[in-house]
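Chain residues, written in single-letter form:
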Amino acid sequence: MKNKIFMLLFFLSVSISAQDFYGKATYKTHRKMDFKLDSTEAATNPGLQSQIEAQMKKMFQKTFVLNFNRSESTYKEDVKLNAPRPQIGGGNVMVQVVGGGGGNDVLYKNIKEKKMVNKTDLMGKIFLIKDDLVEYDWKLTGETKNIGKYTCYKATYEREVENIEMKMVNGEPEEVTKKEMRTTTAWYTTDVPVSNGPGNYTGLPGLILEVNDGDLTIVCTEIVLNPSEKPSIKAPEKGKVVTRDKFEKISRKKSKEMMERFRSRRGDGNQMEIRIGG
């Protein structure tokens, strides 16, 4: 009888421990930008190319926080740790960030139910993207490295991606589609036993601490397990509900509208604006 009670208490203790397990991971992100002024603008504004590149680099260096337990998480930009987004200009060129609410965006993931809810701002309108979690067919390589005090294991995922760019061709906005093979590399640690990570990245037997995906790099800089202040992990509820595919179609439409506005402003001699969504 005593043995049965002991085993019952043991399993109850394990169950409570599992339910109470939670943590906070801080990530730094960086995105490479391939941006060039046309020859006319470059000649008119010498040095503007390097100025814009430096400002754009700052724009895309951000800090995010992942609050998680064993089955749920929220991922949000930590705006208090980020520098204000700059607006720069010179001659006939101005660069500013529009769209993509940044600090107001929240990505909720439910690993157990394989569902996600993403609250995001697109040009002043709040959307609630509800869909299945993005699935990654990870290949475990067995390669290891240390990130901080954690031993991490390498996983890769190869897929064909479709890059869609909006360009002005003969004065008209045009969608240019390019397909390419891309390999995503992730480093995860089994020391933190949650199948989660930054952004949409999930599906590995441990917390993902680093991601290299095309021009995007994400690196974990701090992990706090069971912090004194338990994080609130809830799915966002306000916004127009759409699927991921529907939101992408809306984004493309808005990009075309934006390009039309650029063309009309250039046509009447006003300054050209280069706007970059979040």
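Residues numbered from 1 in each chain as written. Predicted model: local features only at pLDDT ≥ 70, side-chain atom pairs only at ≥ 80, totals over all residues. Heavy atoms only, no water.

Student: Honestly, the nonpolar core in this entry has me stumped. Any pointers?
Tutor: Buried together is how nonpolar side chains tend to be arranged in soluble globular proteins. Ranked by internal contacts, the top residues of the largest apolar core, which has 33 residues, are Ala25, Tyr27, Phe68, Val192, Leu207, Leu209 and Ile223. Aside from chain neighbours lying at most four places away, what touches valine 192 is Phe21, Phe68, Tyr150, Gly206, Leu207, Ile223 and Leu225. (Core = buried A, V, L, I, M, F, W, Y, C linked by side-chain atoms within 4.5 Å. Buried < 20%, exposed > 50% of the residue type's maximum accessible area, 1.4 Å probe, protein only. Contact = heavy atoms within 4.5 Å.)

Student: I'm lost on the environment of methionine 116 in this one. Help?
Tutor: Mapped onto the secondary structure, methionine 116 falls in strand 7 (residues 115-122). Among the residues examined, methionine 116 registers a relative accessible area of 5% and is labelled buried. For the pair methionine 116 and asparagine 200, spaced 84 residues apart in sequence, the C-alpha to C-alpha distance is 8.7 Å. For methionine 116, the residues in contact, after removing those within four places along its chain, are Leu107, Tyr108, Lys109, Ile129, Lys130, Asp131, Asp132, Leu133, Asn200 and Arg244. (Helix = DSSP H or I, 4+ residues; strand = E, 2+ residues; numbered from the N terminus.)

Student: Any chance you could explain the packing of aromatic side chains here in plain terms?
Tutor: In total, this model carries nine aromatic pairs according to the counting rule given. For the pair tyrosine 27 and tyrosine 75, a centre-to-centre distance of 6.3 Å together with 70° between the ring planes defines the contact as edge-to-face. Of this pair, tyrosine 27 sits in strand 1 (residues 22-31) while tyrosine 75 sits in strand 3 (residues 72-77); the two residues are 48 residues apart in sequence, bridging distant segments of the chain. An angle of 35° between the planes, with centres 5.8 Å apart, marks the rings of tyrosine 153 and tyrosine 188 as tilted. Of this pair, tyrosine 153 sits in strand 10 (residues 150-169) while tyrosine 188 is found in strand 11 (residues 172-189), placing the two residues 35 residues apart along the sequence. Looking at tyrosine 153, the relative accessible area reads 29%, which means it is partly exposed. The ring of phenylalanine 21 is capped by arginine 70, whose NZ or CZ atom sits 4.5 Å from the centre of that ring. Here the guanidinium or amino end of lysine 145 rests over the ring plane of tryptophan 187, the centre of that ring lying 4.7 Å away. (Phe/Tyr/Trp six-rings, centres within 6.5 Å; stacked < 30°, edge-to-face > 60°. Lys NZ or Arg CZ within 6 Å of the ring centre and 35° of its normal.)

Student: Any chance you could explain the pattern of salt bridges here in plain terms?
Tutor: Opposite charge on two side chains allows them to pair when their charged atoms are near. Taken as a whole and assessed by the stated rule, the structure comprises eight salt bridges. The salt bridge partner of arginine 244 is aspartate 131, with a shortest N-O separation of 3.9 Å. In this pair, arginine 244 sits in helix 4 (residues 244-267) while aspartate 131 sits in strand 8 (residues 125-132), placing the two residues 113 residues apart along the sequence. When its relative accessible area of 23% is taken as the criterion, arginine 244 is described as partly exposed. Among the ionic pairs, glutamate 210 bridges to lysine 145, the shortest N-O distance being 3.1 Å. Residue glutamate 210 is located in strand 12 (residues 207-213), and its partner lysine 145 is located in strand 9 (residues 139-147); the two are separated by 65 residues in the primary sequence. We classify glutamate 210 as buried; its relative accessible area is 12%. Within the structure, one salt-bridge network assembled from shared partners comprises Arg159, Glu180, Arg182 and Asp213. (Salt bridge = Lys/Arg side-chain N within 4 Å of Asp/Glu carboxyl O.)

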